[in-house]
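Close look at the chain arrangement
These are the residues of each chain, in order.
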Amino acid sequence: MSFIRNTIGSLKSRLFSNSLRAIEVNSFLLGKINTRQILNINKLNSLKEAEFKVFSQWGDDGIIQYLINKIPIINHTFVEFGVEDYTESNTRYLLMNDNWSGLVIDGSYSNICNIKSSYYYWMHDLMAVHSFIDVDNINDTLLDNGFKGDIGILSIDIDGNDYWVWKAISAVSPSIVICEFNSVFGDHHSVTVPYNPSFQRTKEHYSNLYFGASLPALIELASEKGYSFIGANSNSVNAYFIKSDLVQFINIDSLDSSFYPSKCRESRDIEGNLTFLSGADRIKEISEKSVIDLSNNELVLLKDIM
């Protein structure tokens, strides 16, 4: 009986895998069609006009396709960290559709094992590394894996120390930087969570709303590092920056800090259940938490500045 059960289980697994591959093939075809369409647009009113999704969580696959086809990029390489098992990511379509080479990093060993056992891992030039990224190990991790100097894209999404880690990065010089921001912090204050090398979003606050940095904080940091903000995705999750000397190659109507409050309702209660908070109710939920006000480098309570 165990043989029969194992055989049935194996057949189910193969059927699921084949079904998933079929879905991915269809997604690729749609992605290619969408890419041709967005590249025919002479001028974007905003990045959201270029959005489409293949493997990205939101519409970032389309934005990335638009940018890499407009900006002259010499090294077709990327680094992305905070990828989980790479099922949803900003660079997987870039890897598989455009055949870029890349490094992905995640703090979960099992996630990295899943990536290494995938069919695309051997088919493409991808390195997957298990590491819990902090400001002290990020540059060594990049250098130890052969990534230094000019690269095409750096994508940061670690749900916590994003600001501090980007600030610390010196080993690579990406043409494009994609960094997650916390729209709950609003667009009036340059703030970030205090640096904690072991920061874990759910442990810091059960709601999952306390993490990362505000968009103004990332825009200021980008400027210090020689980058210009060119917009965010329509879900107000990822901000896009390119080297300032490359701005001339893209034609977007407004390169300012336009902000669209996120409608993503991912808040949780103390037991981990979704509560679907939206609007001002989200900031109220974490109002007693402290952030660094980067305008004066002071620790303040969110309730005192929001």
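Our structure is the block above this text.
To keep things clear, this report deals only with the structure shown in the data block. All of these numbers come straight from a predicted model, not from anything done at the bench.

**With respect to the sheet that holds strand β10 (residues 298-301)**
A sheet is described by the order of its strands in space; here three strands give the open sequence β6-β9-β10, paired in antiparallel fashion. Looking at the sheet topology across the chains shown, the edges are occupied by β6 (191-192) and β10.

**Things to note about the pattern of salt bridges**
A side chain of one charge can pair with a side chain of the opposite charge if their charged atoms are brought near each other. Counted under the stated rule, the structure contains six salt bridges. A salt bridge links K53 to E88; its shortest N-O distance comes to 3.4 Å. Here K53, found in the loop between α1 (2-39) and α2 (60-70), pairs with E88, found in the loop between β1 (77-81) and α3 (92-98); they are 35 residues apart in sequence, far enough to count as distant. Across the pair D159 and R201 runs a salt bridge, and its minimum N-O distance is 3.4 Å. Separated by 42 residues along the polypeptide, D159 in the loop between β4 (149-156) and α7 (162-168) and R201 in helix α8 (residues 201-204) bring together distant segments of the chain. Salt bridges here are not isolated pairs; linked through shared partners, they connect D159, R201 and E266.

**Description of the sheet that holds β4**
In space, the seven strands of this open sheet follow the order β3-β2-β1-β4-β5-β8-β7, with mixed pairing throughout. Edge strands, defined here as strands with exactly one partner in the open sheet, are β3 (126-130) and β7 (227-232). Here the average twist between neighbouring strands, direction ignored, is 20°. Pairing of β1 with β4, which is carried by four bridges, proceeds in the parallel orientation. The residue bridging F81 from the neighbouring strand is I156, located in β4.

**Overview of helix α4 (residues 109-116)**
Three- or four-residue spacings in an α-helix give side chains the same orientation, since the helix completes a turn every 3.6 residues. Along α4, the positions that sit buried rather than exposed are N111, I112 and I115. Each buried residue of α4 sits inside an arc of 95° when the element is viewed along its axis, so together they form one side. Where α4 is buried, its residues contact β2 (101-106), α5 (119-123) and β3.

**Things to note about the pairing of strand β8 (residues 238-243)**
Buried residues dominate β8, accounting for six of its six residues. The pairing of strand β5 (residues 172-180) with β8 spans five bridges and is antiparallel. Looking across to β8, one finds that I176 is bridged to I242. Where β7 lies against β8, five bridges are found, and the strand directions are antiparallel. Note that in β8 the partner of S228 across the bridge is I242.

About the thresholds
- As a convention, each chain's residues are numbered from 1 in the sequence order in which they are written.
- In view of the model being predicted, local features appear only for residues whose pLDDT reaches at least 70, and side-chain atom pairs are presented and counted only at 80 or more, with totals across whole chains, interfaces and linings using the full set of residues.
- Note: side-chain values were computed over all heavy atoms of the structure, leaving out hydrogens and water.
- Strands are treated as partners if at least two bridges between them are detected by DSSP.
- Segments assigned H or I by DSSP are reported as helices when at least four residues long, segments assigned E as strands when at least two residues long, and all are numbered from the N terminus.
- Think of a salt bridge as a Lys or Arg side-chain nitrogen and an Asp or Glu carboxyl oxygen that are within 4 Å of each other.
- Every angle, taken between N-to-C directions, lies between 0 and 180 degrees, and every axis is a line fitted to C-alpha atoms, over only the stretch in contact when it is a helix.
- Think of it in three bands: residues with accessible area under 20% of the maximum for their type are buried, residues over 50% are exposed, and the middle band is partly exposed, with areas taken using a 1.4 Å probe on protein chains only.
- Taken from the helix axis, the directions to the C-beta atoms give the arc we talk about.
- Contacts are residue-level and defined by heavy atoms, with any inter-residue pair within 4.5 Å sufficient.

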